[in-house]
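# Breakdown of the fold
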Amino acid sequence: MTITVNDKQYTTEETSIEGFLRERGFEPRLIVVEVNGEIIRREQWDTVTLTEGDVLQMAHMVAGG
Amino acid sequence: MTITVNDKQYTTEETSIEGFLRERGFEPRLIVVEVNGEIIRREQWDTVTLTEGDVLQMAHMVAGG
Amino acid sequence: MTITVNDKQYTTEETSIEGFLRERGFEPRLIVVEVNGEIIRREQWDTVTLTEGDVLQMAHMVAGG
Amino acid sequence: MTITVNDKQYTTEETSIEGFLRERGFEPRLIVVEVNGEIIRREQWDTVTLTEGDVLQMAHMVAGG
Amino acid sequence: MDASTTALVDRPLTINGVTLNSRLFLGTGKYRTNEEMNAALCASGSELITVALRRLDLDDPSKKTLLDHIDWKKYRILPNTAGAKTAQEAIQTARMARAMGLSDWIKVEVIPDPKYLLPDPVGTLEACEVLLKEGFTVLPYINADPILAKRLQDMGTHTVMPLASPIGSGQGIVTWRQIAIIIENATVPVVVDAGIGAPSDAALAMELGADACLVNTAVARSNNPAMMAKAIAMGVEAGHLAYLAGRMPVLPYASASSPIEGVVTVK
Amino acid sequence: MDASTTALVDRPLTINGVTLNSRLFLGTGKYRTNEEMNAALCASGSELITVALRRLDLDDPSKKTLLDHIDWKKYRILPNTAGAKTAQEAIQTARMARAMGLSDWIKVEVIPDPKYLLPDPVGTLEACEVLLKEGFTVLPYINADPILAKRLQDMGTHTVMPLASPIGSGQGIVTWRQIAIIIENATVPVVVDAGIGAPSDAALAMELGADACLVNTAVARSNNPAMMAKAIAMGVEAGHLAYLAGRMPVLPYASASSPIEGVVTVK
Amino acid sequence: MDASTTALVDRPLTINGVTLNSRLFLGTGKYRTNEEMNAALCASGSELITVALRRLDLDDPSKKTLLDHIDWKKYRILPNTAGAKTAQEAIQTARMARAMGLSDWIKVEVIPDPKYLLPDPVGTLEACEVLLKEGFTVLPYINADPILAKRLQDMGTHTVMPLASPIGSGQGIVTWRQIAIIIENATVPVVVDAGIGAPSDAALAMELGADACLVNTAVARSNNPAMMAKAIAMGVEAGHLAYLAGRMPVLPYASASSPIEGVVTVK
Amino acid sequence: MDASTTALVDRPLTINGVTLNSRLFLGTGKYRTNEEMNAALCASGSELITVALRRLDLDDPSKKTLLDHIDWKKYRILPNTAGAKTAQEAIQTARMARAMGLSDWIKVEVIPDPKYLLPDPVGTLEACEVLLKEGFTVLPYINADPILAKRLQDMGTHTVMPLASPIGSGQGIVTWRQIAIIIENATVPVVVDAGIGAPSDAALAMELGADACLVNTAVARSNNPAMMAKAIAMGVEAGHLAYLAGRMPVLPYASASSPIEGVVTVK
C-alpha cells in the first residue's frame, strides 16, 4: 500500500496511524495527524484505517516565537 | 408645502430645487442636492418636482484637510 | 557684643560657638561653622572665642540631589 | 648646503625661498613658509637667506571640511 | 553605496494619468482668514488642494461656499470624506462630492475615533472597493501599515496615503520605518499625509522616497501661513532632490573631512 | 502661540561685520574629483568655504594647491585647524593660514581624539583666547555644550559652531536639545557644524533658530554632489523661513483639519 | 500630577480567566541548544511559552518534538500560527495545534510578507473570527494599529498583541505612540510582541501600561540567554511597578534637586 | 557578535577603594515628606545618598538638619556643591561639607545657569583640581562631553558623572551616544546623573555599560516614591545584567523566530 505523508510517498503494510508511526521510528505521542484533509484527534486514531492513496499530514511542536 | 432639508423643516411654494435655493438666498451653483436619498446631478435638477414631505440634503464644499 | 551670622546681626553675650548655638535653640551637632572666613572643625570649636564684629557662616545638611 | 624641509633633507644651492621652490618645481604662490619656527609672510621672503642646517616648514591649502 | 554613484532620474509625479508639477498637496482647513489661505495656496505652488463636503446652513446664505473664495480653475480639487465614521458614510460623501461636477478624485477617510483621528483599515478597504468600481480616482488615507497599503494598491487605489503621525498633531514622521517599507513595496505613488509640522518633516518624508506630502495644519496654524507654505514646499523639493541624489550612509563613528596626513607641526 | 501671529523679521547673517547671503557653509574635503567639488560649490550658492592647511609634498610638484582648482575670489575662505590636537598646534596652524594672505578668519578645531573627532573644550578656549588677541575672526568648532558656548561668546569669538553629531557621521541633529539652549542664549551667530546628513537635518537645525549650517561629507559623499548641495541649500533656506514664519506647536492628540459639524448623513 | 498622589493598585494579569503570575511570555525559537533554552525559560520565571507547529520529518525519527525537551507541565503552551500566509492557513494550523490536546490557546499570526514579517490586518480579522467561534482562546499578533486593535477586542479576542518593531529586529518600542493609544482604549490585556531587544525596551512597554511582553530573539541571541532572560524579566517587572507608582512628567527645563536658597557664600 | 558567546564577568562597583553593592545612588531632595523619603531610600537598596549644604536659619531652630531624619550610619553620604556658580564657591562648599566630619566624598557641581542647570566645564575642572589636591574623593557632575570626561579622569577624579538630560527634567538618556563614547574610554566608574525619569531610562544607561545611576526627582516626584525607588533599582540591575549577558544586535529587517520550513499546508 502506498500513502502520501507530508508530500512524500511511503509504502507500508501498517493500516493504523500508530503502527505507521512506530514503523518509521516515532513514539506515537505529541503528534497531530490529518488524513485526507481531516484532523484526527489522538483518541480517534484507532478508528481510522489507512488505505491505498491516502494523503496524510503529520506535525509536531517545534521551537518558535 | 413642507419639506425637510438638512433635518429642518421649511415651508415653501417653490417646487424646483433652484427656486427653493434662490428663495433661501443662495446662488444655485456649486451645491449638491440629494432628494429622498437620491443624489441629483446639477443638469437633472429641472427634472425634479419637490412635493410635500420630501426629505432633502444640500451640501457644499468647505475648507478641509 | 554684636556678631554677624549668615548675613544677619545678632547681639549675644555668648563667646563660644556652642554657647551661641544653644542660645539660639540649636543642638551643637552636625553643623559646620566658618568664623571670619576660616572653617572651624568641630573639635576646635572650644579654641575659638567670639568677639565683637566677628562674621560667621553656619550651615548644615539639607535634602538635595 | 643641506636644509630640512617638512622633516626631509634637501641639498640645494638656492638661498632664497622662491629659488628653492622653483627648483623643486613649484610656483611660488599660495604657499606659506616657516623658517626655523618663524612664519615668513610672502612679502618678506626676499629678506630671508637660507643657510646650512635651516629647518623649514612649507604648507599650502588642501581640501578640507 | 559603493555599487553606484549614479543619481536617480526624476520622473514626474503622475496619479491616474494626471501629472502634477508640485509634490506638495495642501489642505484648505483651519486658516484664520480666506486671505491667509489664498496667500498660502499661492506661495506653496501646490496644484492639488483638499476640501471637505458639509451641509448648507439654509438659514444663513451669507456663508459662501469655499469655492467662491479660491480660484478653483487654478487647482485640482481633492474632496475628502472627512467626518465619515463608516465605509457607507464615506461612499455617500464621495458620491455627493462627485455630483458637484468638479472632480471625480476622492480622498477616502474612514475615521471612527474622534480623539486620535486614526483611520479604520477595514472600513477604508470596503469604501475603496466600492468607489473604485464606480470609477473614482481613489486616494486612501491610512495608518502606516505596509500590508494594508499593499492590499489597497493591489485592489487598484491610485495612491496610498499613510499617516506620519496623528492629524493636526505636528509630531512629524513618527512612523518613518513603516513608511519606508510601504515605499519599498509601492506600485502607486506614496503620499505622506497627516502630522507633518515643519519643512524638516516634509524633507525627511521625501528623502525616504515618498512621492508627495499632504499638509494642512502646519501651514494654516503658522504665524505666517504664506511663508510657511513656501518653506514646506522648499522642504518637499529639497527632500526629493536629496532622494534622487542619493544620501550618504549614516556611520557610527566620525570620518575626518580634512586629510589626516601632512599636518603642520609646532617646534 | 496665541500671543502673537506676527512672523519674525529676517536679518541678514553677519559675522564680524561681513554679511553672507547664503546660510550654508560648505567644506571642500572628500570629493571624488575637483569637477564634482566645483559643481557642488556652485550649486550650493555658498559664499564661505572651508579648507585645510597641509604640508607641501616637495617631491611631487604635480599636486597643486586646492586654491588653483577653485575660484577663490568667488568664495570667502575659512581655513580650519583640522589636525591640531592641542591649542598650540591650532594656534600655529591659524597663524600659518593667515600668513598666506587670503583670510584672517579661522575655524578653530582642537581635536585630541581620532575616533569620534570630538573637540577639546579646554584647548579650544585657550586657542581662541590667543587668536582673538592676535586679531583673527574666530569661529570655534565645539561640542554642543551651552556653558562652553557662553564662555566663548563672552570671550569674543565671532560665532559658536556646535556639532550636531560626530564629523562625517551623517547621524543628523543628535544634540538638538543642547543646540536649542545654545541658540536661546546666543549673542553671536550659531553655526551648526558636523553630522548633517541630509536636507531634513539642515532644515531642523535652522527651524531651531540656528543662523547657518556647515556641511561637507553629506555633499561630497552623495552620488550626485551638486544635486545634494542644491538640496541641502534648499533645506537650510526652508528651515530658516519656517523659523521666521513660526511653526505650529506639537500636540499630543489629533486636531481635525476639516470641520466637525455639518457632516452629511446616510439614510 | 497635582491631582493625585495615589499609586494604582495592581491587578493580576488574567487572560480568558487564567491568571498568570509573570508578565513575561517567552518564545522557544532560535536558541543555540536546548540546554540554553531551558536555562532561559527557568531564569525568566515565565509561565507562558510559545511554540510552532511543523511537519514531522518521517525519515529522521531522531528529531524529537520540542515538547520532549521542555517540562510542558510547568508552562502553559501557546502555539502560534507562524508560517501562515493567509487566514485559512492560520485557521488550519490552529486546529491542528489544538488537536494535540495540550492547549486551546492560539497566537494568531497571518504574515504574507517574508522580509519584514508584518501581519495582515484583514487576514488576522478573518482568522480570529473563525477561531473565536470554534472556542479558541485567541491572542492575535498585529501591527500597532489602534483601530484594528479595537475591532479585534470588540470581536472578542482575549488579548491584542501589537508589535513594537519587526520580529527579531531588536529595534525596540518604535511604535510606542500607537501602543499608548491601544492601551488607552483597551478592554483586554495588551501584550507587546516583537522587536523588544533589551530590558529597557520591555520596561518602556510596561511603563506605557502594557499588560505583558512577549520576547524571543533578545533572549535566545544573547551571549548568555539565561542571564538575559532574568534581565528582561526584571525589566518587565520594573516597568510595571513604575506604571503603578506613577512616573514624573517630562519637563522641558531643569528643576533643581537641591534647594535654591541658603547657598553658602565665599568671602 | 560572532566572535564571542561569552558573557562578561561582573566586577563589583568600587569608587576610590570603597565597594558599593547597589549601583543606584539616590538623591534626598524634593520628597513631599521625610517619611516618603525614608521609605524610598529603604526600598531602593541604595548605599550612597546625596545631600546639600545650606545655611542654618538661626531664627528657626525647629528646622532640623536632614541628618536627623535619616539613618546616616546606614548610608554613605555624598554631599554636593549644588548652588555653587563658580569653582571657588564649589571648593568652599566642599571644604565646609568635609569639616562636618561625615564624609570626604564630594559631588562637584559648578552650575552658572539657573534655567537648564548645565555644568561649567572650566569651573568644574578647576574645582576638581583643587579638591583632589586636598584629598577629597571627587565625583564631578558634567555635561556628556567625552573629552572633558577624559581630562577629568586623567586628572584623577574618582568617577565621571555625565548628565543624561537636564536635572529634574525626566527627559531620559538624551545624550546616550556621547555617554557611550565616555564609557568606551573610561578608566574610572561612569555614573549617569540627571534626567533619568523611569526604569527604562536607568536600564538603558546600564545597558550602554554605565557603572551606576544617580536618581532623585523621578523617585521623589512619583505618586509612590518607595515603589518607584524599587522599580528604578530593578531597572538599574536589569540593565546591568543585560550588559553583562550581551544584547542582541539591532537588525534593519525582521528575522523569524519560528522555523521557515515545514509549514503545514491547507488542501
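Residues numbered from 1 in each chain as written. Chains lettered and ligands numbered in written order. Predicted model: local features only at pLDDT ≥ 70, side-chain atom pairs only at ≥ 80, totals over all residues. Heavy atoms only, no water.

### Focus: the overall build of chain E
Tallying secondary structure elements over chain E gives eight helices and ten strands in all. Taken over the C-alpha trace, chain E has a radius of gyration of 21 Å; the compact-globule value for 267 residues is 18 Å, and the two agree within 12%. In terms of overall dimensions, chain E has C-alpha extents of about 90 × 40 × 35 Å along its principal axes. Within chain E, buried positions represent 63% of all 267 residues. Restricting the contact set of chain E to residue pairs at least 6 apart, pairs at least 24 apart contribute 63%. Surface accessibility of chain E: about 9100 Å² in total, with carbon and sulfur atoms responsible for 51%. In chain E, 24 side chains carry a positive charge and 27 a negative one; their mean positions are 2 Å apart. (Helix = DSSP H or I, 4+ residues; strand = E, 2+ residues; numbered from the N terminus. Rg over C-alpha atoms; globule rule 2.2 N^0.38 Å. Buried < 20%, exposed > 50% of the residue type's maximum accessible area, 1.4 Å probe, protein only. Contact = heavy atoms within 4.5 Å. Areas by Shrake-Rupley, 256 points an atom, 1.4 Å probe, with all protein chains shown as cover. Lys, Arg positive; Asp, Glu negative; His and termini not counted. Charge placed at Lys NZ, Arg CZ, Asp CG, Glu CD.)

### Considerations on the pairing of strand β6 (residues 105-108) of chain F
Residues and elements named next belong to chain F. Across the two faces of β6 the burial is the same, with Trp105 and Lys107 and Ile106 and Val108 all buried. Here four bridges tie β6 to strand β7 (residues 137-142), and the two strands are oriented parallel to one another. Each residue of the ladder has a partner; that of Ile106, found in β7, is Val138. Regarding the hand of the β-α-β motif, the stretch spanning β6, helix α3 (residues 121-133) and β7 is right-handed. (Pairing = 2+ DSSP bridges. Right-handed = clockwise from strand over helix to strand, strands pointing away.)

### As for the relation of the copies chain F and chain E
Screw-axis analysis of chain F against chain E gives a translation of 0.0 Å along the axis, an RMSD of 0.0 Å, and a rotation angle of 180°. These values place the two chain copies in the arrangement generated by a two-fold rotation axis. Among all residues of chain F, the one whose C-alpha sits closest to the rotation axis is Ser200 of chain F, at a distance of 2.1 Å. A shared binding surface is used by both copies, with 99% of the interface residues of chain F retained as interface residues in chain E. (Least-squares fit on C-alpha atoms with pLDDT ≥ 70 in both.)

### So, the interface of chain F and chain E
With 77 residues of chain F at the contact, the number on the chain E side is 76 residues. When the two sides are added together, the surface that chain F and chain E hide from each other amounts to roughly 6200 Å², 63% of it contributed by carbon and sulfur. Among the residues of chain F in contact with chain E, Asn223, Met248 and Val264 of chain F are the three that bury the most area, contributing 11% of the side total. Remark: the boundary between chain F and chain E carries zero salt bridges. At the surface where chain F touches chain E, the tally comes to 21 residue pairs in polar contact (both at pLDDT 80 or more). Of all elements in the fold, only β4 (48-55), α2 (87-99), α6 (199-207), α7 (217-220) and α8 (225-245) of chain F reach the threshold of two or more residues within the side of chain F that touches chain E. (Buried area = accessible area lost by both parts, 1.4 Å probe. Salt bridge = Lys/Arg side-chain N within 4 Å of Asp/Glu carboxyl O. Polar contact = N/O pair within 3.5 Å; in protein donor to acceptor, adjacent residues only side chain to side chain.)

### As for the confidence of the model for chain E
Per-residue pLDDT for chain E has a mean of 90; in total, 97% of the residues score no lower than 70. For this predicted complex, the interface confidence score (ipTM) comes to 0.88, while the overall pTM stands at 0.90. (pLDDT = per-residue confidence, 0-100.)

### Topic: the packing of α2 of chain F against α3 of chain F
Residue and element names in this part refer to chain F. α3 packs onto α2 with a crossing angle of 35° between their chain directions and a minimal axis gap of 8 Å. Two packed elements cross with a definite hand, and for α2 against α3 that hand is right-handed. Every residue of α3 that contacts α2 at Ala87, Ala90, Ile91, Ala94 and Arg95 is listed here: Gly123, Glu126, Ala127, Val130 and Leu131. (Axes fitted to C-alpha atoms, helices over the stretch in contact; angles between N-to-C directions. Left-handed = near helix turned anticlockwise from the far one by under 90°.)

### With respect to the arrangement of the chains
When C-alpha atoms are compared, chain A and chain F, though not in contact, are closest at a spacing of 33 Å. Chain E makes no contact with chain H; the smallest distance between any of their C-alpha atoms is 9 Å.

### A word on the sheet that holds strand β8 (residues 161-162) of chain G
The three strands are arranged β6-β7-β8 (chain G) in an open sheet whose pairing can be described as parallel. The two strands at the open ends of the sheet, each matched to only one other strand, are β6 (105-108) and β8 of chain G.

### Some remarks on α2 of chain F
Under the 1.5 Å per step criterion, the end-to-end length of α2 of chain F is 18 Å for 13 residues, consistent within 8% with the ideal 18 Å. A positive backbone phi angle near 90° is found at Gly101 of chain F, which sits one or two residues after α2 of chain F. (Expected span 1.5 Å × (residues − 1).)

### Quick word on the interface of chain A and chain G
The parts lose accessible area when they come together, and the size of an interface is often stated as this lost area. In this complex, chain A contributes 28 residues to the contact, which on the side of chain G involves 35 residues. Of the roughly 2900 Å² buried at the junction of chain A and chain G (both faces included), carbon and sulfur atoms supply 61%. Run the count over chain A and chain G and you get three salt bridges. Between Asp59 of chain G and Arg24 of chain A there is a salt bridge, and its shortest N-O distance comes to 3.0 Å. At the boundary of chain A with chain G, the tally comes to 15 residue pairs in polar contact (both at pLDDT 80 or more). Breaking the side of chain A that touches chain G down by element, the ones donating at least two residues are β2 (8-11), α1 (17-23), β3 (31-35) and β5 (55-63) of chain A. A breakdown of the residues in the side of chain A that touches chain G according to their chemical character gives 14 nonpolar, seven polar and seven charged. (Nonpolar A, V, L, I, M, F, W, Y, C, P; charged D, E, K, R; others polar.)

### Here's the deal with the side chain of Ser169 of chain G
Examined against the element boundaries, Ser169 of chain G turns out to sit in the loop between β8 and α5 (176-184). Judged by its relative accessible area of 0%, Ser169 of chain G falls in the buried class. Side-chain polar atoms of Ser169 of chain G contact the side chain of Ser165 of chain G, separated by 3.5 Å. Apart from the residues within four sequence positions on either side, Ser169 of chain G is in contact with Gly195 of chain G together with Met248, Pro249, Val250, Leu251 and Tyr253 of chain H.

### A few points about the pattern of salt bridges
Summed over all chains, the structure comprises 63 salt bridges over all chains. For Asp59 of chain H, the salt bridge is made with Lys8 of chain C, and the minimal N-O distance between the two is 2.4 Å. Highlighted residues: Asp59 of chain H in the loop between β4 (48-55) and β5 (76-79) and Lys8 of chain C in strand β2 (residues 8-11), drawn from two different chains. Linking Glu36 of chain F and Arg32 of chain F is a salt bridge whose minimum nitrogen-to-oxygen distance equals 3.2 Å. Judged by relative accessible area, Arg32 of chain F falls into the partly exposed class, the value being 36%. Residues participating in the shared-partner salt-bridge network are Glu18, Arg22, Glu27 and Arg42 of chain A.

### Quick word on the packing of helix α3 (residues 121-133) of chain G against helix α4 (residues 146-155) of chain G
Geometry of a packed helix pair, given as the angle between the helix axes and the separation of the axes. Residues and elements named next belong to chain G. Relative orientation of the contacting elements α3 and α4 amounts to 10°, with a least axis distance of 10 Å. Comparing the axis directions of α3 and α4 gives the class roughly parallel. Taken together, the residues of α4 that come into contact with α3 (itself represented by Pro121, Leu125, Cys128, Glu129 and Leu132) are Leu148, Arg151, Leu152 and Met155. Here the residues of the contact of α3 with α4 sort into seven nonpolar, no polar and two charged. (Parallel < 35°, antiparallel > 145°, perpendicular 65-115°, else oblique.)

### Structural notes on the pairing of strand β4 (residues 48-55) of chain G
Buried residues dominate β4 of chain G, accounting for eight of its eight residues. The pairing of β5 of chain A with β4 of chain G spans five bridges and is classified as antiparallel. Within β4 of chain G, the position partnered with Val62 of chain A by the bridge is Ala52 of chain G. Note that strand β3 (residues 24-27) of chain G and β4 of chain G share three bridges and pair parallel. Note that in β4 of chain G the partner of Leu26 of chain G across the bridge is Ile49 of chain G. Bridge count between β4 of chain G and strand β5 (residues 76-79) of chain G: four bridges; the pairing is parallel. Opposite Leu48 of chain G, over in β5 of chain G, you have Arg76 of chain G as the bridge partner.

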